[in-house]
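Structural characterization, general
Here is how the chains run, residue by residue.
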Amino acid sequence: MGSYGDWLVMLIAGALIIFWLYRSFYRWLHEPPGMNSKLLLSEAEDVRDDDVNVQFLEKSGYEVTHGKYRVPITVELDGTMLQSRLFIDLIAEKDGKHYIVKTARERMPIDWTGSGVRDRLLVYALLLPECEGVLFVDHKELTIRKITFRFGT
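Throughout what follows, the structure given in this document is the object of discussion. (Residues numbered from 1 in each chain as written. Predicted model: local features only at pLDDT ≥ 70, side-chain atom pairs only at ≥ 80, totals over all residues. Heavy atoms only, no water.)

Examining the sheet that holds strand β4 (residues 90-94)
By way of backbone hydrogen bonds, the strands of a sheet pair with one another, either parallel or antiparallel. One open sheet holds the 5 strands; their spatial order is β1-β4-β5-β6-β7, and the pairing between them is mixed. With one partner strand each, in any of the chains shown, β1 (63-66) and β7 (143-147) form the two edges of the open sheet. Within this sheet the neighbouring strands show an average axis-to-axis angle of 35 degrees, counted without direction. Where β1 meets β4, 3 bridges bridge the pair, whose relative direction is antiparallel. Counted as the bridge partner of His66 is Ile91 from β4. Strands in contact with helix α3 (residues 114-127) are β5 (97-103), β6 (133-138) and β7; relative to β6, the strand with the most contacts, it is inclined by about 125 degrees. (Pairing = 2+ DSSP bridges. Helix = DSSP H or I, 4+ residues; strand = E, 2+ residues; numbered from the N terminus. Axes fitted to C-alpha atoms, helices over the stretch in contact; angles between N-to-C directions. Contact = heavy atoms within 4.5 Å.)

Some points on the nonpolar core
In a soluble, globular protein the nonpolar side chains are often hidden away together inside. One finds Ile88, Ile100, Leu121, Tyr124 and Leu128 to be the most contacted residues of the largest nonpolar core, which totals 16 residues. Looking at this core, the elements with two or more residues in it are β2 (69-77), β3 (80-88), α3 and β6. Formed by 11 residues, the second largest nonpolar core is a distinct cluster that contains Ala92, Val101, Leu135 and Val137. (Core = buried A, V, L, I, M, F, W, Y, C linked by side-chain atoms within 4.5 Å. Buried < 20%, exposed > 50% of the residue type's maximum accessible area, 1.4 Å probe, protein only.)

Observations concerning the side chain of Arg120
Within the element layout of this structure, Arg120 appears in helix α3. There is no salt bridge for the buried Arg120, and the closest opposite charge comes from Asp89, which lies 7.2 Å off by N-O distance. Filtering out sequence-adjacent residues up to four positions away, Arg120 remains in contact with Met108, Pro109, Ile110 and Phe136. (Lys, Arg positive; Asp, Glu negative; His and termini not counted. Salt bridge = Lys/Arg side-chain N within 4 Å of Asp/Glu carboxyl O.)

Comments concerning the side chain of Lys102
With respect to the helices, strands and loops of the structure, Lys102 is situated in strand β5. Residue Lys102 is classed as buried on the basis of its relative accessible area of 10%. Separated by 3.4 Å, the side chains of Lys102 and Tyr124 make a polar contact. Every residue in contact with Lys102, bar those within four places of it in the chain, is listed here: Phe87, Asp89, Leu121, Tyr124, Val134, Leu135, Phe136 and Val137. (Polar contact = N/O pair within 3.5 Å; in protein donor to acceptor, adjacent residues only side chain to side chain.)

Written out as structure tokens, the structure is:
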């Protein structure tokens, strides 16, 4: 019985190690590199090389590492469950620093005041605090604005 018991223990230990390696690989695969985020993002769409925003970022020295992410949100309002989502357009990297990228939309112009930028972009900085900031890309105006939020100063 002793040899069978030893094999059983080894088999269970091996299965646990394989399961742990699988979970670690899965988590690593679904989050941007260099980030230790507690938020498990959905699978990113592929980066489209024909996207004008990607081309503009790359010409400006950024490397676009991930495509669009969809972040599902469930809200409980007076006992009723509501569904919503946030979209991260791209994730880019420059000089070892990661940035969340939001792109300009004609339907949703941004008010470039402190409160306008806060209301529109703060949620992304809070969502992934490991990122250096948020890049707002407007390929029509040929601008990339880097936004960082500092608290308490």
